[in-house]
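# Observations on chain architecture
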Amino acid sequence: MAISVPNLIKERKFPFIFALFLLILATIFLYANEIHLPYFPLSDLQRQTAHPPPSVSPPPANPIHVPITNDSPKATSIPSPTASSNKDIKQDITDRNYRWTRAGGTALIDVDLNITWGLCRGPAAVDYIPCLDNFKAIKELKSRRHMEHRERHCPKPSPSCLVPLPKGYKIRIRWPKSRDMIWYDNVPHPKLVEYKKNQNWVRKDGDHFVFPGGGTQFKDGVSDYIEFIEAVLPTIEWGRRTRVVLDVGCGVASFGGYLMDRYVLTMSFAPKDEHEAQIQFALERGIPATLSVIGTQQLTYPDNAYDLIHCARCRVHWDADGGKPLMELNRILRPGGFFVWSATPVYRKDERDRNVWNSMVALTQSMCWKVVAKALHPSGVGVVIYEKPASNSCYKKRQEKNPPMCDQKDGKNVSWYTPLNRCLARLPVDNTGKLMSWPTQWPDRLTSKPPSLSTEPVSEEVYNEDTRQWAALVSDVYLEMLGIKWSTVRNIMDMNAGYGGFAAALVDLPYWVMNVIPIDGKDTLPIIFDRGLIGIYHDWCESFNTYPRTYDMLHASFLLKMLSERCEIMTVAVEMDRILRPGGYILIQDTLGMINKLNPILRSLHWSTNLYQDQFLVGTKGFWRPS
């Protein structure tokens, strides 16, 4: 029989009526609030105990003024883009008075710091990279013979100015269309168009730059060139045996961009040089790239990382300084990995090219590198492919131990401000002394046990649990419950990557992740490369080697506490603002105490912020710049 309220009243069943009333109230309350997200503790690598929010003092009476340092460039203010040019993004980024929004059922702390910001100044301010544009330090260098002026020279203290937007800046074209065209106003550097006009690198077409897929060595297009390399040496097996590639002197990174079609992840790099913005072009296109140079210091990658290294007319003198540049490639190349060299000494016969070739032959033989293929493309471009030894037999047979083997390491693999060595890196062994094997083929290598992971059973257990938890967190929370418009995302940086679980969970989606391992944390970067992912070492108390506005999302899991012991959170926030594109997101998982320190700074930058479940901070950068 149906229950009705009038019948209950008539029968005077008041306790039942009261209970029903409470049930209705509880139901209304539950639906009025968001579903409470579970807390996702990570592995020992990233787990941290959550603390209650600290008591908050009232905001200071006087505003905090952020000065413009002497090391920041000096330029005029650049007007903001017109409203019509940014119509799409302004529909996505609402003003909301830049308030600290309640989003997870927690009473949030609203603090107004009233910070005053200033713009960076100077003719290069729009593209300012603090550690590469420290002109005062560069001017005082005693030598530039080894590209010292292209290396890092970070100003102290770190600049606090904000990088202006280029005039007419627009939200970037989305992937995959962006591989082939970008907005001219976002990277307004036409010099490369004129300099490489006969090589089909890039063309200006109205409001766009267009990338036809050509290059100095790609006379019939980059796709044809990639197929040619695999035809010359089928063992390469793009996208199966060969998964992670380094492209040295990458130009506009078309080689790496087109390899993505074959499930190959390429780290493209070049120095910030007179060609203007090659790496900025690459990142605007949505292709992995970073600013770097083989000068006097090691590249910021671990030993034995890359499956293949490529150089197409990359203008590096490999035999310079006793062969140190090529020995640096030997350090980061995986045993059994390949070096593909496409350059004029391979196929031209003039005296200069013959001399370079003869020097290369002597150097590679002394390093035990073996020529496994040499061929000439119908276009006239030639390649030679070397293989690094996978065993110690050749090293033992050398009559002359020149170059010598490097000394045994102390166990720390982090390469950060480390001088180049003229020695051969020893082949990697596990903790039982056995030579490490090549990873399983892609895609199995993403989830199988990494060769560089400790053989201790507990290590594999922690690693597998980390992988499972990141897969659950990304699929159940990040992609579904945080209000992020993922269709606008392409370039992602994981600022504290751990084992690369966040990147692994996104691998089937149209994003790529730059996995960053902080230099003062646990060194897990070799494991990330073993998994078929890419990454780099960095100190977040300094500026990162990238142009402004080059990432769509910055992700960090329990990084802030570690950084706050060494540098100011404001310094990190300014760098986040520099790197992130307007419309881009930060996604921070941390304690509520650290989030409450970061949030007021982001609000002062006119970012919108949301907190989910006391641990996930989502911030969105707008178009605001100080006048």
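As recorded in an unreviewed UniProt entry, the chain goes by the name Methyltransferase, listed as coming from Erythroxylum novogranatense. In the Sequence similarities (unreviewed entry) part of its UniProt record, the chain is described as follows: "Belongs to the methyltransferase superfamily."

A few words now on the state of the cysteines. If you walk through the whole model with that rule in mind, you get six disulfides. The disulfide that involves cysteine 131 links it to cysteine 154, with 2.0 Å between the sulfurs. Residues cysteine 131 and cysteine 154 share a disulfide whose torsion about the S-S bond is about 110°; that sign makes it right-handed. Of this pair, cysteine 131 sits in the loop between β1 (100-102) and α4 (135-139) while cysteine 154 sits in the loop between α4 and β2 (181-183), placing them 23 residues apart in sequence. For cysteine 131, a relative accessible area of 2% translates into the label buried.

With that settled, the discussion passes to the packing of helix α17 (residues 569-579) against helix α18 (residues 592-604). Axis separation between α17 and α18 bottoms out at 10 Å; the angle between their running directions is 55°. Relative to α18, the element α17 is oriented oblique. By crossing handedness, the relation of α17 to α18 is classed as right-handed. Across the interface between the two elements, Ile569, Met570 and Ala573 from α17 touch Met594, Leu598 and Ile601 from α18. Each residue belonging to the contact of α17 with α18 can be placed in one class, and the counts come to six nonpolar, no polar and no charged.

Structurally, the position occupied by arginine 625 is in the segment after β18 (616-620). One polar contact links the side chain of arginine 625 to the main-chain carbonyl oxygen of valine 163, over a distance of 2.8 Å. At 2.8 Å, the side chain of arginine 625 and the side chain of aspartate 577 are in polar contact. Leaving out residues up to four positions away in the same chain, arginine 625 has contacts with Leu119, Leu162, Val163, Pro164, Leu165 and Asp577.

Further remarks concern the packing of aromatic side chains. Within the structure shown, the criterion is met by 24 aromatic pairs. Pairing tyrosine 225 with phenylalanine 255 gives two aromatic rings, centres 6.0 Å apart and planes at 70°, and the pair type is edge-to-face. In this pair, tyrosine 225 sits in helix α6 (residues 222-232) while phenylalanine 255 sits in helix α7 (residues 254-259), placing the two residues 30 residues apart along the sequence. We classify tyrosine 225 as buried; its relative accessible area is 3%. Residue phenylalanine 255 is classed as buried on the basis of its relative accessible area of 0%. Taking 5.9 Å as the distance between ring centres and 90° as the angle between the ring planes, the aromatic pair formed by tyrosine 478 and phenylalanine 616 counts as edge-to-face. Residue tyrosine 478 is found in helix α13 (residues 457-478), and its partner phenylalanine 616 is found in strand β18; the two are separated by 138 residues along the sequence. Accessibility expressed as a relative area gives 0% for phenylalanine 616, which makes it buried. Directly above the aromatic system of tyrosine 258 lies the positively charged group of arginine 179, at a separation of 3.8 Å from the ring centroid.

Definitions and cut-offs
- Residues numbered from 1 in each chain as written.
- Predicted model: local features only at pLDDT ≥ 70, side-chain atom pairs only at ≥ 80, totals over all residues.
- Heavy atoms only, no water.
- UniProt positions renumbered as here; feature names shortened; annotations may be inferred.
- Disulfide = S-S within 2.5 Å.
- Helix = DSSP H or I, 4+ residues; strand = E, 2+ residues; numbered from the N terminus.
- Buried < 20%, exposed > 50% of the residue type's maximum accessible area, 1.4 Å probe, protein only.
- Axes fitted to C-alpha atoms, helices over the stretch in contact; angles between N-to-C directions.
- Parallel < 35°, antiparallel > 145°, perpendicular 65-115°, else oblique.
- Left-handed = near helix turned anticlockwise from the far one by under 90°.
- Contact = heavy atoms within 4.5 Å.
- Nonpolar A, V, L, I, M, F, W, Y, C, P; charged D, E, K, R; others polar.
- Polar contact = N/O pair within 3.5 Å; in protein donor to acceptor, adjacent residues only side chain to side chain.
- Phe/Tyr/Trp six-rings, centres within 6.5 Å; stacked < 30°, edge-to-face > 60°.
- Lys NZ or Arg CZ within 6 Å of the ring centre and 35° of its normal.

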